[in-house]
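Residue-level structure breakdown
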Amino acid sequence: MSPPRIAVVVFPGTWSDRDFLDVAPLVGWDARPVWHAERELGGVDAVVLPGGFAHGDYLRTGAIARFSPIMPAIESFAASGGAVLGSCNGFQVLCEAGMLPGALLRNDHLEFRCDWQWLRVEAPASCPAWLGQIADGQPIRLPISHGEGRYYADEATLSQLEATQRVVLRYAEADGRVTSDANPNGSLHGIAGITNGRGNVLGLMPHPERAAEAEVGGSDGRLILRSLTTWLAEQPVAAERRL
Amino acid sequence: MRWIAEVHVQLRPGIADPEGLTIAGGLRALGFASVSDVRSGKLLRVSFEADEVDQARSQVEAMCRRLLANPVMETATWELRADDEPSEEARLA
């Protein structure tokens, strides 16, 4: 079977696209960059919005990027059930575009935080495309690298996210306990990642692509990236979606 | 005719504003002991063309709604005035 084709979207100012492209062969992906000014994804099995500072993050993070020519194609791809991952700036773009609820605000301590971070994976069945190979409650360790990662949503939205098990990643201690000390940015409910109602769109502040090789300090990111590879292999519709 | 809209964007009330808190602390450290709160935000000065005031108003409203503020976390208020100053090009000519 040929490897799944993954679009890695590149906005002006994106910086993690090359890391995703670099680790793609390690997780069985045939990944290619897609420039933001394109209007079609060109027959792919999944879409990644990487981290960075799209359009300088001017006005708000992701505010300009969400109006990029490629965004309607990504929105309709997701609406048809296609798997979409937004990491860091990509998560911010997904929130601005309304593809995920809430927003990412300035870190509560006002500092840019670049560090290794433990996370607890919760309800991976809510997002089988990206978390299918991870156990419920499993602690994983990924890098974070952001100045604006404080997840915010109003009380009603938070309640709905919790009730429907759409909070799938929380900042945690190494043993998986979610504590306020482990929260690196003041995110409400310690939220590091959420999924949409259908479970095909994942937004997370950490960087799985920066933790896909033991040589760089950790490989837990592969659990997320490989989950997609496995999930796609199980999807009879994936091949059709390319057409 | 030309118009200028000054759009003030702020975090919604109740959302923690660490930048405002830090500035308030700075003011108190300088001796302004009575400062109880600072809310930060941004000011956007938009120059644009519209035939008459109602059209100008609806344009500013649309700008705020579509791009300038994210209603999830922000509010936008604005003031509109006719721009009767000569334009930069006219002034230099």
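Overview of the structure.

Analysis parameters
- Note that residues are indexed from 1 along each chain, following the sequence as it is written.
- For this description, chains carry letters from A and ligands carry numbers from 1, given in the order in which they are written.
- Residue-level local features of this predicted model are given only where pLDDT is at least 70; pairs of side-chain atoms are given and counted only at 80 or more, and the full residue set underlies all totals for whole chains, interfaces and linings.
- As used here, a nonpolar core is made of buried Ala, Val, Leu, Ile, Met, Phe, Trp, Tyr and Cys residues. They are joined through C-beta atoms within 7 Å.
- Neighbour counting defines burial: a residue surrounded by 20 or more other C-beta atoms within 10 Å of its own C-beta is buried, one with 12 or fewer is exposed, and intermediate counts give partly exposed, using backbone-placed C-beta atoms.
- Only DSSP runs of H or I reaching four residues or more are called helices, and only runs of E reaching two or more are called strands; each is numbered from the N terminus.
- Residues are scored as being in contact if the C-beta atoms we place from backbone atoms lie within 7 Å.
- Strand pairing requires that DSSP identify at least two bridges connecting the strands.
- Only C-alpha atoms enter the line fits that serve as axes; for helices the fit covers just the stretch in contact. Angles between N-to-C directions range over 0 to 180 degrees.

Core analysis: the biggest nonpolar cluster contains 80 residues, and A:Val9, A:Val47 and A:Val48 have the highest contact counts within it. Of all the elements, helix α6 (residues 221-233) of chain A adds the most residues to this core, at six residues. If we skip the residues at most four places from it in the chain, A:Val48 touches A:Ile6, A:Ala7, A:Val8, A:Val9, A:Phe20 and A:Leu85. Listed in part, the eight residues of the second largest apolar core include B:Trp3, B:Cys64, B:Ala69 and B:Ala76.

Attention now moves to the sheet that holds strand β11 (residues 201-204) of chain A. In a beta sheet, neighbouring strands pair by backbone hydrogen bonds and run either parallel or antiparallel. Residues and elements named next belong to chain A. Strand order in the open sheet made by the nine strands is β2-β1-β3-β4-β11-β10-β9-β6-β7, with mixed pairing throughout. Looking along the sheet, the strands with just one partner apiece sit at the ends: β2 (30-35) and β7 (139-146). For this sheet, the mean angle separating the axes of adjacent strands, direction not counted, is 25°. As judged from the eight bridges shared by strand β6 (residues 113-121) and β7, these two strands associate in the antiparallel manner. Bridging across to β7, glutamine 117 finds its partner in leucine 142.

With that out of the way, let us pick up helix α3 (residues 89-96) of chain A. Residues and elements named next belong to chain A. Summarising burial for α3: eight of the eight residues are buried, a large majority. What α3 keeps buried is the set Asn89, Gly90, Phe91, Gln92, Val93, Leu94, Cys95 and Glu96. Looking at the buried side of α3, the elements it contacts are β3 (46-49), β4 (83-87), β5 (103-105) and β11.

For the rest of this paragraph, the subject is the pairing of strand β9 (residues 167-171) of chain A. Residue and element names in this part refer to chain A. The element β9 is extensively covered by neighbouring structure, given that five of its five residues are classed as buried. Bridging between β6 and β9 involves three bridges; their strand directions are antiparallel. Counterpart to valine 121 in the pairing with β9 is leucine 169. Two strands pair when backbone bridges link them, and β9 and strand β10 (residues 191-195) are joined in this way by three bridges, in the antiparallel orientation. Across the sheet, residue arginine 170 finds its bridge partner in β10, namely isoleucine 191.

Moving on, we come to the interface of chain B and chain A. Of the residues lining the interface, nine residues belong to chain B; the matching set on chain A comes to twelve residues. The element that contributes the greatest number of residues to the side of chain B that touches chain A is helix α1 (residues 18-29) of chain B, accounting for three residues.

All names here are of chain A. Within the element layout of this structure, threonine 195 appears in strand β10. Taking the C-beta count within 10 Å as the criterion, threonine 195 has 27 such neighbours and is therefore assigned buried. Here the alpha-carbon distance between threonine 195 and leucine 100, two residues 95 residues apart in the chain, equals 7.1 Å. For threonine 195, the contacting residues outside a window of four places in its chain are Ser126, Cys127, Arg166, Val168, Val201 and Leu202.

Turning our eyes to something else, we now look at unusual backbone geometry. All names here are of chain A. Even without a glycine there, the phi angle at histidine 55 is positive, about 50°. When the 20 C-beta atoms within 10 Å are taken as the criterion, histidine 55 is described as buried. In this structure, cysteine 88 takes a positive phi of about 60° despite not being glycine. When you line up the elements, cysteine 88 lands in the loop between β4 and α3.

Read these as layout, nothing more, since geometry by itself doesn't imply function.
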